[in-house]
Number of protein chains: 2
Amino acid sequence: MNIKENFPPIIIENLTPEINNGEFPVKCGLGEIIKIEADIFCHGHELIQANLLYKEGHDSDWKSIPMQELVNNSWSAELEIKKELISYFYTIETWIDPFYNWINDLEKKIKAKVQIDYFEDLFDGIKFLDEIAFSYAEQMSQISFFQNYIKDFKINFELIKDLKNFTKKFPLKHFKTYYNKILEIKVHRKAGDFSAWYEFFPRSQGNFRNCISELNRIKEMGFDVVYLPPIHPIGETNKKGKNNSLISEKLDIGSPWAIGNVDGGHKAIHPLLGNIHDFKDFIREAKIRGLEIAIDFALQCSPDHPYVKEHPEWFNKNANGKIKFAENPPKKYQDIYPLDFYNDSAEELWQECKNIVEYWIKVGIKIFRVDNPHTKPLRFWYWLINEINQIYPDVIFLAEAFTMPKPMKYLAKAGFTQSYTYFTWRNTKKEIIEYLEELTQSDMKYYFRGNFFVNTPDILPYILQNASPNIFKMRFVLAATLSSSYGMYSGYELCENIPLGEGKEEYLDSEKYELKHRDYSFFPDKNIMSFISRINIIRQTNKALQLYTNLIFLNSYNENIIAYAKADLKNENIIIIVINLQADSIQEDHIELPLDKWNINENIEYKVKDLLDNSEYSWKGRFNYIKLGENGKIAHIFKINLN
Amino acid sequence: MNIKENFPPIIIENLTPEINNGEFPVKCGLGEIIKIEADIFCHGHELIQANLLYKEGHDSDWKSIPMQELVNNSWSAELEIKKELISYFYTIETWIDPFYNWINDLEKKIKAKVQIDYFEDLFDGIKFLDEIAFSYAEQMSQISFFQNYIKDFKINFELIKDLKNFTKKFPLKHFKTYYNKILEIKVHRKAGDFSAWYEFFPRSQGNFRNCISELNRIKEMGFDVVYLPPIHPIGETNKKGKNNSLISEKLDIGSPWAIGNVDGGHKAIHPLLGNIHDFKDFIREAKIRGLEIAIDFALQCSPDHPYVKEHPEWFNKNANGKIKFAENPPKKYQDIYPLDFYNDSAEELWQECKNIVEYWIKVGIKIFRVDNPHTKPLRFWYWLINEINQIYPDVIFLAEAFTMPKPMKYLAKAGFTQSYTYFTWRNTKKEIIEYLEELTQSDMKYYFRGNFFVNTPDILPYILQNASPNIFKMRFVLAATLSSSYGMYSGYELCENIPLGEGKEEYLDSEKYELKHRDYSFFPDKNIMSFISRINIIRQTNKALQLYTNLIFLNSYNENIIAYAKADLKNENIIIIVINLQADSIQEDHIELPLDKWNINENIEYKVKDLLDNSEYSWKGRFNYIKLGENGKIAHIFKINLN
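Quick look at the structure, then. (Residues numbered from 1 in each chain as written. Chains lettered and ligands numbered in written order. Predicted model: local features only at pLDDT ≥ 70, side-chain atom pairs only at ≥ 80, totals over all residues. Heavy atoms only, no water.)

### Regarding the overall build of chain A
Now for step 1: A tally of regular secondary structure across chain A gives 15 helices and 31 strands.
Now for step 2: In terms of overall dimensions, chain A has C-alpha extents of about 105 × 65 × 45 Å along its principal axes.
Now for step 3: Counting only residues that meet the buried cut, chain A has 59% of its 643 residues in that class.
Now for step 4: Put simply, chain A shows about 26,700 Å² of open surface, and 49% of that area lies on carbon and sulfur atoms.
Now for step 5: For chain A, the distance from the average site of its 77 positive side-chain charges to the average site of its 89 negative ones is 2 Å. (Helix = DSSP H or I, 4+ residues; strand = E, 2+ residues; numbered from the N terminus. Buried < 20%, exposed > 50% of the residue type's maximum accessible area, 1.4 Å probe, protein only. Areas by Shrake-Rupley, 256 points an atom, 1.4 Å probe, with all protein chains shown as cover. Lys, Arg positive; Asp, Glu negative; His and termini not counted. Charge placed at Lys NZ, Arg CZ, Asp CG, Glu CD.)

### As for the interface of chain A and chain B
Now for step 1: Each partner contributes residues to the interface: chain A has 64 residues there, and chain B has 65 residues.
Now for step 2: Carbon and sulfur atoms make up 57% of the area that chain A and chain B hide from each other, which totals about 5,800 Å².
Now for step 3: It is Y342, R379 and K406 of chain A that lose the most area in chain A upon contact with chain B, and together they represent 13% of the buried surface on that side.
Now for step 4: Put simply, chain A and chain B have 14 salt bridges between them.
Now for step 5: A salt bridge links E120 of chain B to K332 of chain A, with the shortest nitrogen-to-oxygen separation between them at 3.3 Å.
Now for step 6: The tally of links from chain A across to chain B stands at 26 residue pairs in polar contact (both at pLDDT 80 or more).
Now for step 7: The element best represented in the side of chain A that touches chain B is helix 3 (residues 118-135) of chain A, accounting for 6 residues. (Contact = heavy atoms within 4.5 Å. Buried area = accessible area lost by both parts, 1.4 Å probe. Salt bridge = Lys/Arg side-chain N within 4 Å of Asp/Glu carboxyl O. Polar contact = N/O pair within 3.5 Å; in protein donor to acceptor, adjacent residues only side chain to side chain.)

### A short note on unusual backbone geometry
Now for step 1: Residue T16 of chain A is joined to P17 of chain A through a cis peptide bond whose omega torsion reads -5°.
Now for step 2: Position of P17 of chain A relative to the elements: it lies in the loop between strand 1 (11-16) and strand 2 (26-29).
Now for step 3: Cis rather than trans, the peptide bond between P329 of chain B and P330 of chain B has omega equal to 5°.
Now for step 4: In this structure, N20 of chain A is a non-glycine residue whose phi angle is positive, near 45°.
Now for step 5: In this structure, N20 of chain A sits in the loop between strand 1 and strand 2.
Now for step 6: Of note in the backbone geometry, N614 of chain A takes a positive phi value of approximately 65° without being a glycine.
Now for step 7: Since its relative accessible area comes to 43%, N614 of chain A is described here as partly exposed.

### Re the side chain of S419 of chain A
Now for step 1: Its place among the elements puts S419 of chain A in strand 20 (residues 418-419).
Now for step 2: Beyond its immediate chain neighbours, meaning those up to four positions away, S419 of chain A contacts L398, A399, A401, M408, F448, R449, G450 and N451 of chain A.

### Some details on helix 12 (residues 405-414) of chain A
Working note: α-helix, 3.6 residues per turn, so residues spaced by three or four point in the same direction.
Residues and elements named next belong to chain A.
Now for step 1: With 8 of 10 residues buried, helix 12 lies mostly within the body of the structure.
Now for step 2: Buried residues of helix 12: K406, P407, M408, Y410, L411, A412, K413 and A414, and no others.
Now for step 3: G415 occupies a position one or two residues after helix 12 and carries a positive phi of about 150°.

### Considerations on the sheet that holds strand 7 (residues 74-80) of chain B
Now for step 1: Here we have 4 strands laid out as an open sheet, ordered 1-3-7-6 (chain B), and antiparallel in their pairing. If you trace the sheet from one side to the other, it starts and ends with strand 1 (11-16) and strand 6 (68-69) of chain B, each paired once.
Now for step 2: The sheet contact formed by strand 6 of chain B and strand 7 of chain B spans 2 bridges and is antiparallel. Paired with E69 of chain B across the strands is W75 of chain B, a residue of strand 7 of chain B.
Now for step 3: Sitting on the sheet, helix 12 of chain A is in contact with strand 1, strand 3 (33-41) and strand 7 of chain B, with an inclination near 65° to strand 3 of chain B. (Pairing = 2+ DSSP bridges. Axes fitted to C-alpha atoms, helices over the stretch in contact; angles between N-to-C directions.)

### Quick look at the pairing of strand 13 (residues 292-297) of chain B
Successive side chains on a regular strand alternate, one facing one side of the sheet and the next facing the other.
All names here are of chain B.
Now for step 1: Of all 6 residues in strand 13, 5 are buried, a share of seventy percent or more.
Now for step 2: Here 4 bridges tie strand 12 (residues 225-228) to strand 13, and the two strands are oriented parallel to one another. By the bridge assignment for strand 13, Y227 is matched with A294.
Now for step 3: Tracing the backbone out of strand 12, into helix 8 (residues 276-288) and back to the parallel element strand 13 gives a crossover that is right-handed.
Now for step 4: In this structure, strand 13 lies alongside strand 18 (residues 367-370), joined through 4 bridges in parallel fashion. Along strand 18, the bridge assignment pairs A294 with I367. (Right-handed = clockwise from strand over helix to strand, strands pointing away.)

### What about the packing of aromatic side chains?
Now for step 1: What the rule picks out here adds up to 110 aromatic pairs over all chains.
Now for step 2: When the ring of W619 of chain A is compared with that of F638 of chain A, the centres are 4.9 Å apart and the planes differ by 70°; the resulting orientation is edge-to-face. You can see W619 of chain A sitting in strand 29 (residues 616-619) and its partner F638 of chain A sitting in strand 31 (residues 635-641), a full 19 residues away along the chain.
Now for step 3: With a centroid separation of 5.4 Å and an interplanar angle of 35°, the aromatic rings of F325 of chain B and Y337 of chain B are classed as tilted. Of the two residues, F325 of chain B sits in the loop between helix 9 (306-310) and strand 15 (326-328) while Y337 of chain B sits in strand 17 (residues 337-338), which places them 12 residues apart along the sequence.
Now for step 4: Residue Y337 of chain B is classed as buried on the basis of its relative accessible area, which comes to 11%.
Now for step 5: Cluster of aromatic residues (ring-pair linked, three or more members): F7 and F175 of chain A together with F297, F341, Y342, W350, F368, F380, W381, W383, F397 and F416 of chain B. (Phe/Tyr/Trp six-rings, centres within 6.5 Å; stacked < 30°, edge-to-face > 60°.)

### Side note on the environment of F223 of chain A
Residue and element names in this part refer to chain A.
Now for step 1: Structurally, F223 is set in the loop between helix 7 (208-221) and strand 12 (225-228).
Now for step 2: You can call F223 buried: its relative accessible area is 1%.
Now for step 3: Remark: the alpha-carbon pair of F223 and Y198, spanning 25 residues in sequence, is separated by 6.4 Å.
Now for step 4: Ignoring any residue separated from it by four or fewer positions in sequence, one finds F223 in contact with A196, W197, Y198, I218, L291, F476, Y486, M488, I532 and N536.

### Regarding the sheet that holds strand 30 (residues 623-628) of chain B
All names here are of chain B.
Now for step 1: Pairing in this open sheet of 3 strands is antiparallel, and the strands run 24-27-30 from one edge to the other. Each end of this open sheet is capped by a strand with a single partner; those strands are strand 24 (555-556) and strand 30.
Now for step 2: Pairing between strand 24 and strand 27 (residues 587-592): 2 bridges, direction antiparallel. In the sheet register, S556 faces strand 27, and the bridge partner there is I591.

### Focus: the relation of the copies chain A and chain B
Now for step 1: Expressed as a screw transformation, the operator carrying chain A onto chain B has a rotation angle of 180° and an axial translation of 0.1 Å, and the superposed copies differ by an RMSD of 0.1 Å. Overall, the copies show the geometry of a two-fold rotation axis. Residue N21 of chain A, judged by its C-alpha, is the member of chain A lying nearest the rotation axis, at 3.8 Å.
Now for step 2: A shared interface surface links the copies, since 100% of the contact residues of chain A are contact residues in chain B too. (Least-squares fit on C-alpha atoms with pLDDT ≥ 70 in both.)

### Topic: the pattern of salt bridges
All names here are of chain A.
Now for step 1: For the coordinates displayed, the defined rule picks out 86 salt bridges over all chains.
Now for step 2: With its nearest N and O atoms 3.1 Å apart, the salt bridge here joins K173 to E93. On the criterion of sequence distance, the pair formed by K173 in the loop between helix 5 (157-169) and strand 9 (174-178) and E93 in strand 8 (residues 87-96) is long-range, its members being 80 residues apart.
Now for step 3: Of the residues examined, K173 reaches a relative accessible area of 29% and is grouped as partly exposed.
Now for step 4: One salt bridge in this structure joins R622 and E592, with 3.1 Å as the shortest N-O distance.

Below is the structure:
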C-alpha cells in the first residue's frame, strides 16, 4: 500500500459550485466573478496552503489563484470570467510547505523570546532552503544570503517577512493533493444573461415582407430578441378552430404548433409567410436593426407531417399499430402526434432533431425557444444541446419549462441557457422576494437563468385580467428589472386584458388560432409603448440591470411596496428600484439602503436620480421616504450619483 | 449510441442519506429506522414507480421496499435495521410500468365518461397482459380472466382495483433505472449508541487487584463502560511533576500519556498495576458485573519507549537526524516524541498500530478511547478502523476529537463509532438547543454519535468550577438524557470543583500527575452518587433514552428552563425532561407538549410520573406548568402513562 498516495493527509470537501457532483457545468456570462469555496483541512497544527487551479478552454495551460483561508477551515478564491463561448475548468491544489511552516514556527518562538538552538530551531530552515535551491535552480544567490543570515543567528522580523515573501514565490509543495474532480464553467454569450424578448405571430402581419416594418416598431420599443412561434406548414387533420375549438371552419388557420403538412415539416416555411429567401431577408433586416430572431423548436407533428409517412416508426403506437394522438387522459389532442424518443430507431430521430437545429443555424438562427421541453426526455436535451454547443457555442436555448420545480431545474442543469419561470404567477411582495432569492441567491444561480415573461400567447395571468395600464406597467417593470432577461408577447403594449372566461388564463380570441390586427396608435390611453421604450433604454444604459445574480432586496415596511437594488461588480453603477404593487392606489413607505455595502457615508448627503422622469433627490442616511401612486407614477428607478 | 442505456428517461437525484457522495457509510444501531429519500422524476405525465433495494450483508440477496411519492417529486422509504454488526447496502430502482399507466388512464377516462374505443383504449391493456403472462408464467388463468373482461368492455371500478393490485404483484418494469451508486449502512452494536462511561485512574487504587472493589461501586452507580487512561509503562525522560510541572521529583509518577520505558511500550502493562494476567482477571471481574473495560489508545511515545531504539525511522527528525519532541510553537513537550505517520517506513508503523489494537482485542478489550485522533492523519483512522472492523465488527472507537468542527466530523465519517463533543462548553438554553439540533437532526445524525462527557481529567469546565452539587446534578442529567451515550470522570460524584487557577480549565492537583485517594462516603452533602444511580436506572428502564436521534425540544418560555422529549420508535415509551439551568434558584415555566405527534387527545386528562421522585400528575392539553428549584429539585424526568 502506497500510504502517501492512498491516504494523503489533506482533505478537500464541500466544494462549491459543483452541480450534481460535477455531472453538469456551472453556467455564467462574461465578466462574472465566480466564488469557489471548499473546506480544506489536515490533522495537527501544520499550516496548509491551497490554490484554485483553472484553465480557459480545453487546451490552454493551468493557471493558479491562491485561496484564502476564512473561518472554520473554509477556503475561498474568486475566478473572473474573461473569455466567452468557452469552458473554464477548475480544481483545487493543496499542500504543506515545510519551509513556510518553519518560518511561522520560528516567528512564534522569537515572539515568545524562546532560547533559539541551532540544531533544534535553525538547521531545518537551512536544509529546506537547499531543497528550494534544488527545485528552483536560478535562486542560488538569494538562498545563500538567507542561509548565511540564519547560520549567524541574525533572525529578526524583517528577515521573517522576506522569507515569507520568498516562500510565496518558491513554495515547497509537500503532500500535494488535488481535488478529486475537474469541474467546468460554460460561458455563454451576453444574450444568455441580458435580453429583452418580443414575441409576435408573423402571420398576423401577412408575411415576412410585411413583418419588416414591425421590426422597426420593436426596435423602437428597445427589444433585442424577436421570438416567432412556429413558422412551419400547419396540419389540416383535426385542425383547431377559433378559441381552441375542436371543430374548425374552412377559413380557420390552425395552431402553428400543429407542425407539418404536404408542404413540409420542421425544416419548411409556411407558404403564406414566404419562402426561405424571404425568411433570410427578414433575419438580415432584423440584424441591421440590432435585433436577433429566435424561432420556436416544437418537437411534435401534425398527422399530416411528412415524418408520419416517412418514419412511422418514430411515433407512439397503439398495440394494433396505429399511431397514437397526444393525450393527457381523459383529454386527447387530435391535431398532434407526439414523437416516441425511445423507439427502436430512436437514434435516427435524435439525429434528425439535431439536423433541424443545425438547418436553422445555417439559415441564421442562433436562439431557439423550446416548446414544452419537459414532455421530451430530459437527457435528450442534455445530448442535443451539448452536441450543438460543441460546434456552435453561441447558440442559446430557452426552455419553456412550465413544469414542477425539479424537472425545471434539471433542464437548466442539462444545458438550457435560459428558462421560463414562475414569475408570471408571483404577485405579492413575499412571493416575489422568496422566489427571486431562490433564483438568484441559492445554488440555482450557478445553472438557471430565468427569463421573466409577463405574458405569453398561452397565459394572460389573473393579475392582468381586466387590469389597468398601471398594473401592466407594474408587472412590466418588475420583469425587466428583477431579471436581466425578460419577455413580452405582443398585445401587452396595448394592455390587452380579456380572458377566455372566468377562471381561465387564456386570451379570448387567442392569436394561436386566428389572425390579430392591432393598431398600435389607436388607444393612446391604453398604449404603454413609450413606457416600455423608456425601461429598455434604462436597461441598456445601466450595467447593473444587465446582471442576473446581483439582486438584493431592501428593507421596507409597506406590503404593497417592493424595493430592491442592483449594482455592477465594481459598485460603479447602483440602481434602486421601488415599485407600487397596488399600482392603482397611493402607497407610502420608507426604504432602507445598505450604504456600507456601497461605501456611502451615512452622514453625508448623496444624490439620486429617477431615470423614469429625471427627477432628482438629495438623500442622507439609510432610510428614505417613498410615495407612489400619484399621477400614474407606479415606480422609481433611482440611480445613485456617486460623485 | 445506445439511447435507452445512455440517456434513460428517469432521473434520480439528491439521495439522502449519502455521506460525501457515498465515500463513507451511514452508521446506526439495531432497531433504528433509516428514512431514505430521493428526488425521482421523468418527462411527460407517465407515472413512475420506485423501490428501495437493500441487502443485509455483502452476500445476501437484494430485497425491495416500495417507495412512496411525497410532494414535489420527492420519494421516500423507511428501512428498519434488524441485524447488527453487518453492513446494509442500499440503492434505488425505478421504472415505468405501461400496464399500470394504462389502468390509471383508463380509470380517468371512465370517470370522465369518455366513449371507450376498443383499439384506442382497451387493446393495449390486453397486450400488456400478454407481456405479463410471458414474464410471470404461472399467472395465466388470472390473466385470461382479466383479458376476457376487458375484451367484453366489462370495465368497472372493481376491475380497476383488482388490476391495480395485480400490477403491484406483477409489475412490468420498462425503462428500469438504478441509482448510480450502492450505498452502505454500517450497523454497530448497542454500546455504540447507548453507553454510560466511567473513567478512573487504576493506579490511584494501587493496582488492578485493588480496582475490583471499585468495579462494584461503579456498577452500583449504574455505569456500563469503565474507561482507563493508558495502563502502560511511563517514560522517565523529562517526566512531568505534579500540576504538569516540567521539573519532577523522584517520587513523582508521571503522566500515563507519556507511554513507554524499558519495561515496554503500547503492548505492555505498567508493572505497578500488575501483569497481563491481573489485567485479564480485572476484565473478567468487570464482565461478571456487566461492565465492559475500555482502554486508551494514545499514539505517541516517551523518549524511553522501545520503538525509539527499535524504529528510530518512525519518528520526526530534525535535519541533523535527531528525533524531534512534540511541539506547538512556542511550546515544546519534552516528555513526548510524536510518530511520523508518513515516514519512509510508514507502512510498518501503520501495521504496528493495527497490531497494538489487535493485541488488546485478543486480551479482551473491545472499546478503545482514542487520544487526540485529530493530531494523526485523518485517513490513517479510516484505514485502521476499517481494517479492524472488517475482522472485529463489534470493536468500538471513541474519538477524543476536541478540535475544529470539520475535522471532528471527518473523523466520525471515517469510522469512529462515537466522538467527544462540545457539550462540555454548551451551557445556555440557546447553545444547547442549537448544538443538539445540529448533532441529532442535521445530516450529522447519520455518522456522528456524540458521547457527552461532563468532565475529563483535562477539563473542569468553567460552569463546574466552585459550583454547587445542584449544578453538578444539572449538568449530569443534561448529558445523560440529551445523548444516549455520556461519560464522567471520577471525582465528579464528589462534586470536585477546584480549578488549577483563574481562567484555567484544568483541575488543581490533577490526577494526571499524582495519585488521588477519594473517600466516597465522606462528604454526604457533596456526594451525588445516589442521584447518578437513579438517572442510570431510568436510562436502563426507558427505551426512549437509549436512542440518539429521537430528541425533540419543547417550547418553553423561561430562558433558564430547558425542556425536551424522547420517545421510542413506536411511541410506547415517552419521556419528557425538564431541567433548571439555574439549578440553585427557583424557576417557573409553562412547557408545550406535541400531543398530536404522540396521538394524545388534547381534551382528555393524561397522567405523567416523575421518575426521579415517583410523584404523579394529571395533565390536560398541550401546556403544563412547571416549577423547579425547591428542595434541591433540579429536574423532572416525566414518563407519560399511555393507558
